[in-house]
Amino acid sequence: MDPRTPGGRAPGSRAGQPPRRGSLPEVPGRPPQPRDVHRSGGGSPPSPRSHPPTQSGSRLPGAVAALGVFLVTLAAAAADSYIGIGLGRITLVALTASSAAATLLVRRRDLVTTLIAPPLVFMAVALLNIALAPSATFTLPTMATLLIQGFPAMAIATGVTLVLTLVRLVTRR
């Protein structure tokens, strides 16, 4: 008989069995305490490396994504200006593709940044294109012409970004 308890067994043990590893002794009048051991049977908690990374930790900030869209579109605009006059299809494709990629890679809380980026990026690229072009002068009619001709590019890129933003919000990705 064990002198620790009146029934002759150690506290917390079942009749005729030794106490379980990691369990706390039962105290009369108190509810049983939860075990500190995980159900997998291991005695230590899982390491942080065993969990997949969180969505927000593996995604780009909105400003970095918008900067990426700007740089890709600027490079495409330079190629467009070198090949032809003004901002054309190469700029349209680059703006749309980089905006779509930015929407897929950005954090969920920064989706609005990528949604409003295409028109702003196109305007900034158009301003730089006018400023750096030796034959163009920076006047209101020049800027208006570039923005009117570039409206389809801005609309298509914003439309693609809007669809991808809605998909990400609905699927919670």
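Refer to the preceding data block for the structure.
Residues numbered from 1 in each chain as written. Predicted model: local features only at pLDDT ≥ 70, side-chain atom pairs only at ≥ 80, totals over all residues. Heavy atoms only, no water.

### A closer look at the overall build of the chain
Phase 1: Across its full length, the chain holds four helices and zero strands.
Phase 2: Ordered by position from N to C terminus, the α and β elements of the chain give α-α-α-α.
Phase 3: For the chain, the proportion of its 173 residues judged to be buried stands at 27%.
Phase 4: Look at the contacts in the chain between residues 6 or more apart in sequence, and 61% of them connect residues 24 or more apart.
Phase 5: In the structure as shown, the chain presents an accessible area of about 11,800 Å², 67% of it carried by carbon and sulfur atoms. (Helix = DSSP H or I, 4+ residues; strand = E, 2+ residues; numbered from the N terminus. Buried < 20%, exposed > 50% of the residue type's maximum accessible area, 1.4 Å probe, protein only. Contact = heavy atoms within 4.5 Å. Areas by Shrake-Rupley, 256 points an atom, 1.4 Å probe, with all protein chains shown as cover.)

### Brief notes about the side chain of Thr 96
Phase 1: For Thr 96, the position within the fold is in helix H2 (residues 89–105).
Phase 2: The exposure class of Thr 96 is buried, given its relative accessible area of 15%.
Phase 3: One polar contact links the side chain of Thr 96 to the main-chain carbonyl oxygen of Leu 92, over a distance of 2.9 Å.
Phase 4: Setting aside residues up to four positions removed in sequence, Thr 96 forms contacts with Ile 156, Ala 157 and Val 160. (Polar contact = N/O pair within 3.5 Å; in protein donor to acceptor, adjacent residues only side chain to side chain.)

### Comments concerning helix H4 (residues 140–171)
Phase 1: For H4, with 32 residues, the first-to-last C-alpha span of 43 Å sits near the 46 Å given by 1.5 Å per residue.
Phase 2: A bend of about 50° at Gly 150 is the largest found in H4, and the proline Pro 152 appears one to four places after it.
Phase 3: Where H4 is buried, its residues meet H2 and helix H3 (111–132).
Phase 4: A positive phi of about 55° marks Arg 172, the residue just after H4. (Expected span 1.5 Å × (residues − 1). Bend = angle between axes of the 7 residues up to and from the residue.)

### Concerning the pattern of salt bridges
Phase 1: Tallying each qualifying case throughout the model produces one salt bridge.
Phase 2: The salt bridge involving Arg 107 is made with Asp 110; its shortest N-O contact spans 3.1 Å. By the burial criterion, Arg 107 is buried, and Asp 110 matches it. (Salt bridge = Lys/Arg side-chain N within 4 Å of Asp/Glu carboxyl O.)

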